[in-house]
Amino acid sequence: MPYKDPQIAKEKAAQRWLSWAQRNPEAAAQRAKDWRRNHPEQMLHISAKRRAIKLNIPFNIEITDIVIPKTCPITGLELSINQQGSYGPSINSPTLDRIHPELGYVKGNIAVISFKANKWKSDMTKQNIETLLQYINTAPGIEGTTCKSYTTEIIESLTSNG
């Protein structure tokens, strides 16, 4: 029987789902996992909204603001959603980056990048990156060469799957 009030209809549907899930826990878990894998933009949106509430930061993005590119703009890694049997993010999982973290999840301040690149960003400050670049450009290398000659190798190792 359809309900005239959409909120009541939503609540009844949720009750039916919970009842079915309690009777079929394995099937419910698989269905939820499949939904998450098939709706990555929605999952990034839901997770960002939860983090924004937890961190008390601004949030005004919509699902349509989240565009997952084929490759990470920082590492060049092909972005992919975890396949069946894997848990948690892999290095090439898409993640939602706050370009300027203090601004929150607001339009114009988000980008989808790899988990690996987002981890780099969260672990390093601008000063850390500048110090690393200074070291690469000036430190003595093996047998009288400078580290600058190894820059390509270093960048390749940072962007490899390891």
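Throughout, a residue's number is its position along its own chain's written sequence, starting from 1. Reporting of local features is limited, given that this is a predicted model, to residues whose pLDDT is at least 70; pairs of side-chain atoms are given and counted only at 80 or more, and all residues count toward the totals for whole chains, interfaces and linings. Excluded from the side-chain calculations are hydrogens and water; all other atoms, namely the structure's heavy atoms, are used.

### Side note on the overall build of the chain
Only DSSP runs of H or I with at least four residues qualify as helices, and only runs of E with at least two residues qualify as strands; both kinds are numbered from the N terminus onward. Helix and strand counts for the chain stand at six helices and two strands. In the chain, the succession of α and β elements from N to C terminus is α-α-α-β-β-α-α-α. Working definition: with a 1.4 Å probe on protein chains only, accessible area under 20% of the residue-type maximum means buried, over 50% means exposed, and in between means partly exposed. Each of the 162 residues in the chain was classed as buried or not, and the buried ones make up 23%. Residue contacts are defined here by distance: any two heavy atoms, one from each residue, within 4.5 Å place the two residues in contact. In the chain, of all internal contacts separated by at least 6 residues, the share reaching a separation of at least 24 is 47%. Carbon together with sulfur atoms contributes 58% to the accessible area of the chain, which is approximately 11600 Å² in total. For accessible areas, the Shrake-Rupley method is used with a probe of radius 1.4 Å. Any residue's cover is judged against the shown protein chains and nothing else.

### A word on the layout of surface pockets
Cavity means a closed set of points on a 1 Å grid over the protein atoms alone, one where a 1.4 Å probe fits but cannot get out, pocket means an open set with protein on both sides within 12 Å along at least 5 of 7 lines, and lining means a residue has an atom within 4 Å of a point. Grid points are joined across faces, edges and corners, and a volume is the space filled by probe spheres set on the points. The space that makes up the largest pocket amounts to roughly 840 Å³. Lining the largest pocket are 30 residues, and of these Leu-44, Pro-89, Ser-93, Pro-94 and Thr-95 lie nearest its centre. Elements that contribute at least two residues to the lining of the largest pocket include exactly helix H2 (25-38), helix H3 (40-55), strand E1 (94-98) and helix H4 (115-123). For the lining of the largest pocket, the leading source of residues is H3, giving six residues. Residue polarity follows a fixed list, in which Ala, Val, Leu, Ile, Met, Phe, Trp, Tyr, Cys and Pro are nonpolar, Asp, Glu, Lys and Arg are charged, and the others, Gly among them, are polar. In the lining of the largest pocket, the residues fall into 12 nonpolar, 10 polar and eight charged.

### Considerations on the pattern of salt bridges
Between Lys or Arg on one side and Asp or Glu on the other, a salt bridge is scored when a side-chain nitrogen of the former is within 4 Å of a carboxyl oxygen of the latter. With the rule as written, the count across this model stands at five salt bridges. Across the pair Lys-107 and Asp-65 runs a salt bridge whose closest N-O atoms are separated by 2.7 Å. Here the residue Lys-107 occupies a position in the loop between E1 and strand E2 (110-114), and Asp-65 occupies one in the loop between H3 and E1, the gap between them amounting to 42 residues. Beyond isolated ion pairs, a larger network of salt bridges with shared partners links Glu-62, Asp-65 and Lys-107.

### Comments concerning the side chain of Asp-97
Take Asp-97: it is sitting in strand E1. Using a relative accessible area of 6% as the deciding quantity, one classes Asp-97 as buried. What qualifies as a polar contact is a pair of N or O atoms within 3.5 Å, subject to a donor-acceptor requirement within protein and to the restriction that residues adjacent in sequence count only when both atoms come from side chains. Separated by 2.9 Å, the side chains of Asp-97 and Lys-121 make a polar contact. For Asp-97, the residues in contact, after removing those within four places along its chain, are Asn-109, Ile-110, Ala-111, Ile-113, Asn-118 and Lys-121.

### Regarding unusual backbone geometry
Of note, the phi angle at Asn-56 is positive, near 55°, even though the residue is not glycine. Residue position: Asn-56 is located in the loop between H3 and E1.

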